[in-house]
Amino acid sequence: MVGVNHINAPLVVDIDAHTLTEYVPAKPLESNLEVVFVSAEQGSLRAPFEPCGQLNCGNTLKFPFARGANKPTAVAIVDAQVLVAADAATETKRVVELTLDTAALGELDYAPGDTVAVLPSNAPQIVAQLLQRLDLSEQADSVCHLSLALNCAKKSAKIPGHIPATTTPRELLTHCLSLHAVPQKQFLSALASCTSESKERSFLASLSSKQGAAHYQTLILKRGLCLMDLLELCTTCQPTLALLVEHLPRLLPRPYSIANSPLECSQQLRIIYSIRANKAGVTTSMLEAMRELYREKQQPVQLYIYPREQNAFRYTDQELSGNQILIAVGTGLAPFLGFLAHKQLHKELATGQTWLYVGAKTPQAILKQQQLLAWQKASILQSLRLCYSRSTTGEQPKYVQQLLEQDAQQLVELMQQSTTVLYVCADGAAISKCINDGLRRCLQLVLKLDETEATQWLKEMRAKGKYREDIWL
Ligand SMILES: Cc1cc2nc3c(=O)[nH]c(=O)nc-3n(C[C@H](O)[C@H](O)[C@H](O)COP(=O)(O)OP(=O)(O)OC[C@H]3O[C@@H](n4cnc5c(N)ncnc54)[C@H](O)[C@@H]3O)c2cc1C
Ligand SMILES: NC(=O)c1ccc[n+]([C@@H]2O[C@H](COP(=O)([O-])OP(=O)(O)OC[C@H]3O[C@@H](n4cnc5c(N)ncnc54)[C@H](OP(=O)(O)O)[C@@H]3O)[C@@H](O)[C@H]2O)c1
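Worth saying up front: this structure is predicted, and the values here are computed from it rather than measured. (Residues numbered from 1 in each chain as written. Chains lettered and ligands numbered in written order. Predicted model: local features only at pLDDT ≥ 70, side-chain atom pairs only at ≥ 80, totals over all residues. Heavy atoms only, no water.)

Counted by the stated rule, this structure contains 7 aromatic pairs. Centre to centre, the rings of F313 and F339 are 5.9 Å apart; their planes meet at 55 degrees, and the pair counts as tilted. Residue F313 is found in the loop between β8 (302-307) and β9 (323-329), and its partner F339 is found in helix α9 (residues 334-345); the two are separated by 26 residues along the sequence. In this pair, the class of F313 matches that of F339, namely buried. Between F339 and Y423 the ring centres are 4.9 Å apart and the planes differ by 90 degrees, which places this aromatic pair in the edge-to-face class. A residue pair is termed long-range when its members are at least 10 positions apart, and F339 in helix α9 and Y423 in strand β12 (residues 420-426) qualify at 84 residues. Taken as a pair, F339 and Y423 share a single burial class, namely buried. What links up through ring pairs into an aromatic cluster is the set F313, Y315, F336, F339 and Y423. Above the ring of F63, the side-chain terminus of R250 is found at 5.2 Å from the ring centroid. Sitting over the face of the ring of Y467, R462 holds its NZ or CZ atom 3.9 Å from the ring centroid. (Phe/Tyr/Trp six-rings, centres within 6.5 Å; stacked < 30°, edge-to-face > 60°. Helix = DSSP H or I, 4+ residues; strand = E, 2+ residues; numbered from the N terminus. Buried < 20%, exposed > 50% of the residue type's maximum accessible area, 1.4 Å probe, protein only. Lys NZ or Arg CZ within 6 Å of the ring centre and 35° of its normal.)

Turning next to the pattern of salt bridges. Going through the model one piece at a time under the given rule, you end up with 18 salt bridges. E292 serves as the salt-bridge partner of R291, at 3.9 Å between the closest nitrogen and oxygen. Exposure remark for R291: the relative accessible area of 9% places this residue in the buried category. The partner of E405 in a salt bridge is R441, with the nearest N and O atoms 2.8 Å apart. Remark: R441 occurs in helix α13 (residues 430-447) and E405 occurs in helix α11 (residues 400-406); sequence separation between them is 36 residues. Given the relative accessible area of 30%, E405 is considered partly exposed. (Salt bridge = Lys/Arg side-chain N within 4 Å of Asp/Glu carboxyl O.)

So, about the site of ligand 2. Inspection of the region around ligand 2 gives 18 residues, with K93, T331, S389, R390 and Y399 positioned closest. Take K93: an N or O atom from its side chain is 2.6 Å from an oxygen atom of ligand 2. Between Q401 and ligand 2, the recorded distance is 3.1 Å, taken from a side-chain N or O atom to a nitrogen atom. In isolation ligand 2 exposes 900 Å². Once the protein is present, 74% of that is buried. Each residue belonging to the shell around ligand 2 can be placed in one class, and the counts come to 8 nonpolar, 6 polar and 4 charged. (Near = heavy atom within 4 Å. Polar contact = N/O pair within 3.5 Å; in protein donor to acceptor, adjacent residues only side chain to side chain. Areas by Shrake-Rupley, 256 points an atom, 1.4 Å probe, with all protein chains shown as cover. Nonpolar A, V, L, I, M, F, W, Y, C, P; charged D, E, K, R; others polar.)

Looking now at the pairing of strand β7 (residues 268-275). By the criterion of burial, β7 is predominantly enclosed, with 6 of the 8 residues buried. With 8 bridges joining them, strand β3 (residues 94-101) and β7 adopt antiparallel strand pairing. What sits directly across from V96, in β7, is Y273. (Pairing = 2+ DSSP bridges.)

The immediate surroundings of ligand 1 are formed by 16 residues, with P255, Y256, I272, T283 and T284 found nearest. One of the backbone N or O atoms of S274 is found 2.9 Å from a nitrogen atom in ligand 1. With respect to ligand 1, the side chain of W472 contributes an N or O atom lying 3.3 Å from a nitrogen atom. Burial of ligand 1 by the protein chains amounts to 73% of its free accessible area of 910 Å².

Turning to the layout of surface pockets, a few remarks are in order. By volume, the second largest pocket amounts to about 450 Å³. Counting only elements with at least two residues in the lining of the second largest pocket, the list comes to α3 (185-192) and α7 (241-247). In terms of residues, the lining of the second largest pocket owes the most to one element, α7, which gives 4 residues. Partitioning the lining of the second largest pocket into residue classes produces 7 nonpolar, 7 polar and 4 charged. (1 Å grid on protein atoms, 1.4 Å probe; cavity = no way out; pocket = protein on both sides within 12 Å on 5 of 7 lines; lining within 4 Å. Points joined across faces, edges and corners; volume = space filled by probe spheres on them.)

Further remarks concern the nonpolar core. Counting residues in hydrophobic clusters, the biggest one holds 46 residues, and the most contacted among them are L130, L173, L177, F203, L204 and L244. Each residue touching L173, except ones within four places of it in the same chain, is listed here: N122, V127, L130, L131, L134, L179, L241 and L244. In this structure, L320, F336, L367 and I380 belong to the second largest nonpolar core, which totals 33 residues. (Core = buried A, V, L, I, M, F, W, Y, C linked by side-chain atoms within 4.5 Å. Contact = heavy atoms within 4.5 Å.)

Structure, rendered in structure tokens:
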């Protein structure tokens, strides 16, 4: 069976080749939940677009890392700019900057480096597709509620906190459930029990079995197949809405760095996102759809955001008189644009050195390059070092840690100064580790330390709050 991915990259999976002939099917689980529709006589139709389902869940539902008592609030997009155009040849992602009117959030106190959370929603066309498969298109906007199934034997069973007390199928699938989460084996087994065609049922059952671990690893964990992909491949799989509520996790807010200084514009902030071309994520797809809508000016466009708790990755008045070494890859430059704008607006107090290192795919992928050069010219930046990993001019490809090593002598001298703080914005995984290793090699070379001593040096820097990381995992 061959299916087509729900976004746009072609997904070809031979399900026969991924079905074991011998396996022990997982024990089928009883369903604990059921969906109860309010009868038509009670006036059960609701407007299809409630602002945001998770806001209808009451005060017990917490929004992760929300600062103080802040709740998600609707803010309007007031500008949208493509900063970097996508380029298939160099795998460069499109990068977009959105300016948001934050008046609705009241007096928002923030510093460059702080983050906001954006509430995602699943794309309307994917939700419509799913409603159709669930045979709920007619009842998409009918009022319903979740209750524990009459035969529910599980003592700890409860309605998840992210499900509103009264809701509609469309609201649940649009705002509450993560349709693209990694499907757990129990979920696959439950899907198998809702599949009528035998080959498809065996595929799902085998994938969820102990013996199917290798196929689970290849298809689910490595290739990233999610519910929508599996439904595409298994056309006779027809789960119930209650089963999806039981097995799919909450659709969680996503963090974005504030990319401006609060001094630049009162009651506005900017966020910058990169979007994958062939398999865009949930939030970035939503932001792209909103950008399109804003561009066409068909209707006012709003999204839900809230300020997140602050941490040490920020540039405040305290840091103004010190030195900063800023290291970023790709869109990771976003928070530093805020740092530099802030420094410019506080120029009389900002007496320290600021060095910026950026690694990107190509020169065109460097965000706001003209602005960076202007900051360098105006001595906001004392050093600006750029490198490219996918050079199209025959130049040797380079990663940012190679620039650090080229500058080892001067860089270590700056790192040794008491007011210097090093900020790294990267993935928190392989790239961040390579940057850390690059810094370690600089210390080894210049201070003649062995690997253990240099590692300890960096560890102490972190402990003193002089090595701060923004992790975009
Ligand atoms: C503290 C913090 C600050 C952040 N700041 C920013 C920011 O300023 N700008 C920004 O663009 N992102 C930022 N991120 C990442 C952001 O929160 C999202 O994870 C990202 O935009 C993808 O969200 P999504 O819902 O579209 O993708 P999902 O649907 O969650 O993605 C599905 C999969 O695709 C991957 N993926 C999706 N889009 C991309 C992409 N563009 N590049 C690489 N992998 C991708 C995800 O990692 C995941 O594995 C930050 C993350 C953290 C933790
Ligand atoms: N988890 C998420 O949802 C998410 C979302 C957005 C961004 N991010 C992370 O945020 C950062 C910026 O995102 P982006 O979309 O702007 O990235 P991007 O355009 O892909 O740029 C990343 C740059 O870092 C380079 N790189 C790859 N491996 C490296 C390594 N080991 N050491 C040093 N540099 C390396 C890349 O080179 P190549 O040419 O070799 O690729 C590329 O030039 C990335 O770290 C990304 O992983 C995460």
